[in-house]
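# Residue-level structural notes
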Amino acid sequence: MTGAGAGAPSVVACPNGPLIVRGDVEIRDERGELLDPHRRTVALCRCGASAIRPFCDGSHKLTGFRTVRPEREPAVVYDELTRLEPGPRGRR
Ligand code: FES
């Protein structure tokens with residue numbers, strides 16, 4: 001293992017998915033109750049769709065949750081006469 005040691009906590013943000021938390025951490029609910037204290041690796045939901053929050057249940061795949069923005073379309077495009085016209089985001 002790399003880093004500060006085997007028990008050092010780490011958090012990895014998965015693209016389009018949960019936060020993977022490893023190491024010695026306490027995860028508590030909104031009342032301060034300790035959740036699943038024996039796990040050393042947990043996946044925390046950040047899409048809001050999980051039925052077992054704060055843990056991930058894989059629902060992010062069904063909802064199409066994205067943490068990475070798709071390529072942005074230009075706000076304006078130029079035609080061959082270099083006139084400004086509304087881009088795809090500017091059309092109604
Ligand atoms: S991140 Fe997986 S269900 Fe929300």
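Predicted model only: the values in this text are computed from it and were never measured. (Residues numbered from 1 in each chain as written. Predicted model: local features only at pLDDT ≥ 70, side-chain atom pairs only at ≥ 80, totals over all residues.)

### Let's talk about the overall build of the protein
What counts here: Numbering of helices and strands runs from the N terminus, with a helix taken as a DSSP run of H or I at least four residues long and a strand as a DSSP run of E at least two residues long. Residues with at least 20 neighbouring C-beta atoms inside 10 Å of their own are called buried, those with 12 or fewer are called exposed, and the rest are partly exposed, where every C-beta is derived from the backbone. For every residue pair, C-beta atoms are placed from the backbone, and the pair is scored as a contact if these atoms sit within 7 Å.
The helix and strand inventory of the protein stands at one helix and five strands. Going from the N terminus to the C terminus, the protein shows its helices and strands as β-β-β-α-β-β. For the protein, buried positions account for 5% of its 92 residues. Residue pairs at least 24 apart in sequence account for 20% of intrachain contacts in the protein once pairs closer than 6 positions are excluded.

### Comments concerning the UniProt feature "domain: Iron-binding zinc finger CDGSH type" (unreviewed entry) in the protein
The condition that has to hold: UniProt positions are given in the numbering used here, feature names are shortened, and annotations may be inferred rather than shown by experiment.
Those residues carrying the UniProt feature "domain: Iron-binding zinc finger CDGSH type" (unreviewed entry) are residues 30-66 in this numbering. Spanning residues 30-66, this segment combines 14% helix with 11% strand, and its end C-alpha atoms are found 26 Å apart.

### Focus on the pairing of strand S2 (residues 19-22)
Rules: Pairing between strands is defined by DSSP: at least two bridges between them are needed.
Bridge count for strand S1 (residues 10-13) against S2 is four bridges, and the pairing is antiparallel. Within S2, the residue paired with Ser-10 across the bridge is Arg-22. If you look at the hairpin formed by S1 and S2, you'll find five residues sitting between the two strands, and Asn-16 has a positive phi there, around 60°.

### A look at the sheet that holds S2
As a reminder of what qualifies: Think of each axis as a best-fit line through the C-alpha atoms, taken over the contacting stretch in the case of a helix, with angles from 0 to 180 degrees between the N-to-C directions.
Judged by pairing direction, the sheet is antiparallel, and its three strands sit side by side in the order S1-S2-S3 without closing on themselves. Each end of this open sheet is capped by a strand with a single partner; those strands are S1 and strand S3 (41-44). Pairwise comparison of adjacent strand axes, ignoring direction, gives a mean angle of 20° for this sheet. The sheet contact formed by S2 and S3 spans four bridges and is antiparallel.

### Section: unusual backbone geometry
In this model, Arg-53 is joined to Pro-54 through a cis peptide bond whose omega is 15°. Relative to the assigned elements, Pro-54 resides in the loop between S3 and helix H1 (59-63). Despite not being glycine, Asn-16 shows a phi value in the positive range, around 60°. One non-glycine residue, Asp-36, adopts positive backbone phi at about 40°. One can find Asp-36 in the loop between S2 and S3. Assessed through the 8 C-beta atoms surrounding it within 10 Å, Asp-36 is described here as exposed.

### Structural notes on the environment of Leu-62
By the secondary structure assignment, Leu-62 is in helix H1. Judged by the 10 C-beta atoms lying within 10 Å of it, Leu-62 is exposed. With 13 residues separating them in the primary sequence, Leu-62 and Ala-49 have C-alpha atoms 9.1 Å apart.

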